[in-house]
Structure formats: structure tokens, C-alpha cells
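# Overview (structure and organization)
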Amino acid sequence: MPFQNPSRDEIGALLEKAGNIAVVGLSDKSDRTSYMVSQAMQSRGYRIIPVNPTAAGQRILGETCYASLAEVPEPIDIVDVFRRSEFCADVAREAVAAGAKTLWLQSGVFSDEAAEIAGEAGLTVIMDRCIKVEDAVTGAGSRR
């Protein structure tokens, strides 16, 4: 059976409950999509946790950046992935090990292997969707 994202209502409910969003591949450059999307989500009340090995120890959007999901010292509701599809299976394994609730692959990112890994571990999986757009469409951020 082909992969299918949760419904808009389910995505809205998931976003309403979410607090901490670990953003894998969050750039420290303000002109990058990962930065702009994360900044918008932060302004809507979500806690953004940067994950990027090349920026580990730095502060991005006022938050400490970690090299991997394993280093994040607090619960993770959503792992939002700004990495190419071929890296997503490894990110899914890290998300499972970190106890995340949702694996979210940004627009243009697909990985059946990552979806299988995360789904088998009980995570909700969303692929090829922009979290900022979904938050705006569902109105979840406005209810925070």
C-alpha cells in the first residue's frame, strides 16, 4: 500500500499538541529555507531545537544547536527534516532512538525507508509537506 500522509485535521491536531520541534539540517544562515521556516514556527509559539553537526554548540534562533538528535536533552515532539531524501532513513533511526513522536520530511523530501522505520516504531510520518504551510492552513499556530 503506498504511503499516505495523515489528513489535514490529523496534522492540525498533531501541531496543536506539539511543543518541541527538533529541526535536522537547520542552517545558521538567515536566507535559507530551513531558517525561515523555523523562525516562522518559533514566532508562532513552537520551541525550535536546532540539529546540525556543522553548527553544533552555536546558537541558532537563540537556541543551542546539537550535532545529533541523540544529544538533545529534552523530549522531542516533531523531528522536522531539512535533509536530502537519501539521508532520511538514518534520521528516522535517530528519531526513533530519541523517542520522538513524529517524523516530518519537508517539501520535496520522500523516503519510503524512513517512513517504514519510523512507522514501525509508532511515529506519525509526514512527507513532502512544509510544516509552516500546514501550520498556517490548519490554524494550529493561531491556537497556541
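Per an unreviewed UniProt entry, the chain carries the name CoA-binding protein and comes from Saccharibacillus endophyticus.

Now for helix 5 (residues 131-138). Among the residues of helix 5, I131, E134, D135 and T138 are the ones counted as buried. Seen along its axis, helix 5 keeps its buried residues to an arc of 100°; they face one direction. Of the residues one or two after helix 5, G139 is the one with positive phi, at around 75°.

Here we come to the environment of D80. Structurally, the position occupied by D80 is in strand 5 (residues 78-81). Judged by its relative accessible area of 2%, D80 is buried. A sequence separation of 21 residues divides D80 from K101, and the C-alpha atoms of the two residues are 11 Å apart. Not counting residues up to four positions away in its chain, the partners in contact with D80 are I21, A22, V23, V24, W104, Q106 and I131.

We now examine the side chain of D77. Examined against the element boundaries, D77 turns out to sit in the loop between strand 4 (63-64) and strand 5. Since its relative accessible area comes to 13%, D77 is described here as buried. Separated by 2.7 Å, the side chain of D77 and the backbone nitrogen of G19 make a polar contact. Not counting residues within four places of it along the chain, the set of residues in contact with D77 comprises A18, G19, N20, A100, K101 and T102.

Attention now goes to the pairing of strand 1 (residues 20-24). In terms of burial, strand 1 is largely enclosed, as 5 of its 5 residues are buried. Relative to strand 2 (residues 47-51), strand 1 runs parallel, the two sharing 5 bridges. Bridge assignment links N20 to a residue of strand 2, and that residue is R47. This β-α-β element, strand 1 to helix 2 (residues 33-43) to strand 2, shows right-handed connectivity. Note that strand 1 and strand 5 share 4 bridges and pair parallel. Looking at strand 5, one finds that A22 is bridged to V79.

Attention shifts here to the UniProt feature "domain: CoA-binding" (unreviewed entry) in the chain. Mapped onto this numbering, the UniProt entry annotates "domain: CoA-binding" (unreviewed entry) at residues 14-109. Helix makes up 27% of residues 14-109 and strand 23%, and the two end C-alpha atoms of the span are 20 Å apart.

In this structure, L69, V79 and L103 are the most contacted members of the largest nonpolar core, which totals 24 residues. Looking at this core, the elements that each hand over two or more residues are strand 1, strand 2, strand 5, helix 3 (88-98), strand 6 (102-105) and helix 4 (112-120). Among the elements that take part in this core, helix 3 stands out by supplying 4 residues, more than any other. In this structure, L103 is in contact with V79, V81, V91, A92, A95, A114, A118, L123, T124, V125 and I126, ignoring residues within four places of it in sequence.

What counts, and at which threshold
Residues numbered from 1 in each chain as written. Predicted model: local features only at pLDDT ≥ 70, side-chain atom pairs only at ≥ 80, totals over all residues. Heavy atoms only, no water. Buried < 20%, exposed > 50% of the residue type's maximum accessible area, 1.4 Å probe, protein only. Helix = DSSP H or I, 4+ residues; strand = E, 2+ residues; numbered from the N terminus. Arc of directions from axis to C-beta. Contact = heavy atoms within 4.5 Å. Polar contact = N/O pair within 3.5 Å; in protein donor to acceptor, adjacent residues only side chain to side chain. Pairing = 2+ DSSP bridges. Right-handed = clockwise from strand over helix to strand, strands pointing away. UniProt positions renumbered as here; feature names shortened; annotations may be inferred. Core = buried A, V, L, I, M, F, W, Y, C linked by side-chain atoms within 4.5 Å.

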